[in-house]
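Spelled out from the first residue to the last, the chains are:
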Amino acid sequence: MDEYLQTALDAADAAATIHRERLGSVNVDGADEKGRMDFVTQVDLDAQRVALSIIRERFPEHQILAEEEDATDLGQVPLEHLDRGVPTWVVDPLDGTRNFLTRHPMHCASVGLVVDGDPVVGAVVSAPLGARWWAARGQGAFRNGEPISASAGPSLERGLIGTGFPFKAIDRLDEYLATLGRVLQRSAGVRRDGAAAIDLCHVAEGVLSGFWELTLAPWDIAGGLAIMHEAGAALGRIEDEPLDVLVHGSVAAARSAEELAVLRDWVNGSPG
């Protein structure tokens, strides 16, 4: 486990170094658009290749799922071709690309390892925030070497709730706005940072009391899952279903299983 964790940290650190060195070197006019308002830059690609090179060198027998589709030579496997029986590294080389393009500080690198469907290590590194979160199964969760706990934050009613806009699925905007209105009325406030990996880490350390988003990809959440688990937080689907990290879908997170149920009620419009 220690070797897995060190690899996750080294890969995330290497990607974050690229972010730090290239910040301000490219703006939105120099980015390619993969989809509506969904950007990719050479920084994403370079950060991904340096992270994947570290993983591939140390664990050539493992498979890698990464956001940008340009590194099959480094063991990258398309989501639909994954073998769930093989340990899988899940990498987001630059979570918050749109933020990065305008020098907004909420961006990071995220690396997680999934074994038999279970996230066992995770590392999330944000260069502009000077923050490194990490965890390994059974060893606790940390930010910059200090232990963290989701219970450090206030209750849902008194705390801040994180969210993400459905900018890649604009047809769900009305659905999302309805959920936003319900959560706003029941919590102390809602925040949208634009980097789900950081949001999950903020739940893990009690900065946010909860988080929800209508749809996220595996690379958006894999790095944060082990961190959340070790910090005592709870995470699942909005639809009150277990979360499969290797499947796209909704995400809801809170300080505990009890508060996760409450947040689901808020989001779904249940009487509770």
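Please read these numbers as outputs of a predicted model, since none were measured by experiment.

(A) Inspection of the packing of aromatic side chains at higher detail. For the structure shown, the criterion picks out 6 aromatic pairs. Centroid distance Tyr176 to Trp212: 6.0 Å. Interplanar angle 20°. Geometry classified as stacked. Note that Tyr176 is positioned in helix α4 (residues 173-186) and Trp212 in strand β12 (residues 210-216), a separation of 36 residues in sequence. According to the relative accessible area criterion, Tyr176 is buried, its value standing at 1%. Pairwise contacts between aromatic rings join Tyr4, Phe59 and Trp89 into one cluster.

(B) Expanded view of a nonpolar patch on the surface. Taken together, Ile170, Leu173 and Leu177 make up a surface patch of nonpolar side chains, about 240 Å² in accessible area. Along the chain, Leu177 falls in helix α4. Leu177 gets classed as partly exposed once you look at its relative accessible area, which sits at 44%.

(C) Main features of the pattern of salt bridges. Taken as a whole, this structure holds 10 salt bridges when the rule is applied. Arg84 is paired through a salt bridge with Asp244; the nearest N and O atoms lie 3.0 Å apart. Here the residue Arg84 occupies a position in the loop between β3 (63-66) and β4 (88-95), and Asp244 occupies one in the loop between β13 (234-236) and β14 (249-254), the gap between them amounting to 160 residues. Judged by relative accessible area, which is 43%, Arg84 ranks as partly exposed. Linking Asp240 and Arg264 is a salt bridge whose minimum nitrogen-to-oxygen distance equals 3.0 Å. Highlighted residues: Asp240 in the loop between β13 and β14 and Arg264 in helix α7 (residues 257-268), separated in sequence by 24 residues.

Thresholds applied
- Residues numbered from 1 in each chain as written.
- Predicted model: local features only at pLDDT ≥ 70, side-chain atom pairs only at ≥ 80, totals over all residues.
- Heavy atoms only, no water.
- Phe/Tyr/Trp six-rings, centres within 6.5 Å; stacked < 30°, edge-to-face > 60°.
- Helix = DSSP H or I, 4+ residues; strand = E, 2+ residues; numbered from the N terminus.
- Buried < 20%, exposed > 50% of the residue type's maximum accessible area, 1.4 Å probe, protein only.
- Patch = residues over 30% accessible without salt bridge, like charges linked within 9 Å, V, L, I, M, F, W, Y side chains within 5 Å.
- Areas by Shrake-Rupley, 256 points an atom, 1.4 Å probe, with all protein chains shown as cover.
- Salt bridge = Lys/Arg side-chain N within 4 Å of Asp/Glu carboxyl O.

Spatial relationships are all this shows, so hold off on functional conclusions.
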